[in-house]
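The chain contents come next:
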Amino acid sequence: MSAHPSGGLAKGRDSVFPANAHDRRRVSNWLLAICFMLIGMIALGGYTRLTGSGLSIMDWRPITGMIPPLSHAEWERQFALYKTIPQYKILHDGFGLAGFQKIFWAEWIHRFWGRLMGFVLLLPLIWFAVTGVLSRRLTARLILFFVLGGLQGAIGWFMVASGFNPDSTAVAPVRLVLHLCCAFALYIAILWTALSARNPEPEFIPATPAVVRVHRLAWLVCCIVATTIIAGGFTAGTHAGFSYNTFPLMDGHLIPAGYARLHPFWLNWFQNIAAVQFDHRLLATCTAALIGGTIFLGLRTPQLGRPAQDALMLMGWMVLLQYALGVTTLLLVVPVWAGTVHQTCAALLLTTAIIVLHRLRGVGRV
């Protein structure tokens, strides 16, 4: 038996990854560490949004912005800039330098964490590429991730700038959702690459009708989880969670009375608080039901194998936790801790769905 069981990868569909198992684990661990940092970034983003900290830094300096204010004069300059925007005049008029510093540090840490991720991606990438661990294809893919990460920073500033508009106290919901979607898309791409680096050759699973059904449901789960996250972004962006703080009814109705008050109708999905919150609730409930049905069928399909079934069970526990957190956040009128944890667990639920799909990628493959 070969010392490197995947030594034939150079001729297979996954030749993008190192042939040496030890090198694959090193690359996978590095990328998983970046995924962990991305989840932290998503959590920090939720915290800055809920504390109203995102608009506290008025200038975008990709390089020198890593250095916080080091003198009282610089703090006063930053505070003076903040006083010029509507958020200060409408929400924070009268709070002093100490209050400004509190929200400033939250946003600075969020931005610093993003820059730190850039270094964690770039420096090992250079080392692995120079030492011959990475193939050209994998190097190109990882460079693309680095570029997309930088673009995500630019999108973040594009989002923040919308909060400086007259009479605006927060960022535009559409730009918030764009920033959130790009973060999750990059996370999925890096996670899938990390999982594939660790196990480049999928385990063969016979394509029986039951297996194919579960595989299709797993794809559908990923899609509906992603859609629910997008709906959650609009719920956050429109502050819809601060209204209708009862469950399961909304103002005494299963479907709120003002659901279709905007015209054309599709505007309700993005601008009508009643419709935005109801859609998020409905999607979350459908997500939980679909995951429950997928687990039920998956556990009755032994051909899936133990790894896939274990991943399904993990996804089941995570959706229960996430649903409970969502209801708790709503009933408590969106406290900062609950909203932050709820957004973080959305990333963890999506993680489990991607793991399930990854473990099922060998369906019908020889």
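Everything here concerns the structure above.
Residues numbered from 1 in each chain as written. Predicted model: local features only at pLDDT ≥ 70, side-chain atom pairs only at ≥ 80, totals over all residues. Heavy atoms only, no water.

**Q** So what exactly am I meant to see when it comes to the pattern of salt bridges here?
**A** Two side chains of opposite charge can pair, provided their charged atoms sit close to one another. For the structure shown, the criterion picks out six salt bridges. Salt-bridge contacts for arginine 77 lead to glutamate 74; the nearest nitrogen and oxygen are separated by 2.9 Å. Residue arginine 77 and its partner glutamate 74 are both found in helix α2 (residues 72–82); the two are separated by three residues, about one turn of the helix. When its relative accessible area of 35% is taken as the criterion, arginine 77 is described as partly exposed. Residues participating in the shared-partner salt-bridge network are Asp59, Arg61, Glu74 and Arg77. (Salt bridge = Lys/Arg side-chain N within 4 Å of Asp/Glu carboxyl O. Helix = DSSP H or I, 4+ residues; strand = E, 2+ residues; numbered from the N terminus. Buried < 20%, exposed > 50% of the residue type's maximum accessible area, 1.4 Å probe, protein only.)

**Q** Explanation requested: helix α9 (residues 273–299) in the structure shown.
**A** The α-helix advances 3.6 residues per turn, and as a result positions three or four apart in sequence lie on the same side. Taking 1.5 Å per residue as the helical rise, α9 with its 27 residues ought to reach 39 Å, and the 39 Å between its terminal C-alpha atoms agrees with that figure. N-cap assignment for α9: the residue whose side-chain oxygen lies 3.2 Å from the backbone N of alanine 274 is asparagine 272. (Expected span 1.5 Å × (residues − 1). Polar contact = N/O pair within 3.5 Å; in protein donor to acceptor, adjacent residues only side chain to side chain.)

**Q** Got a minute to help me understand the nonpolar core in this structure?
**A** One broad rule of soluble globular proteins: the nonpolar side chains tend to lie buried together. Of all hydrophobic cores here, the largest spans 61 residues; its most connected members are Trp30 and Leu360. Elements with a minimum of two residues in this core: α1 (21–50), α4 (97–130), α5 (136–161), α6 (173–198), α7 (209–237), α9, α10 (306–331) and α11 (336–359). Here this core gets 10 residues from one element, more than from any other, and that element is α1. Beyond its immediate sequence surroundings of up to four residues, tryptophan 30 is in contact with Val120, Leu121, Pro124, Leu125, Phe128 and Leu142. Judged by nonpolar contacts, the second largest core, of 18 residues, contains Trp75, Phe79, Val160 and Ala236. (Core = buried A, V, L, I, M, F, W, Y, C linked by side-chain atoms within 4.5 Å. Contact = heavy atoms within 4.5 Å.)

Keep in mind these values describe shape, not function.
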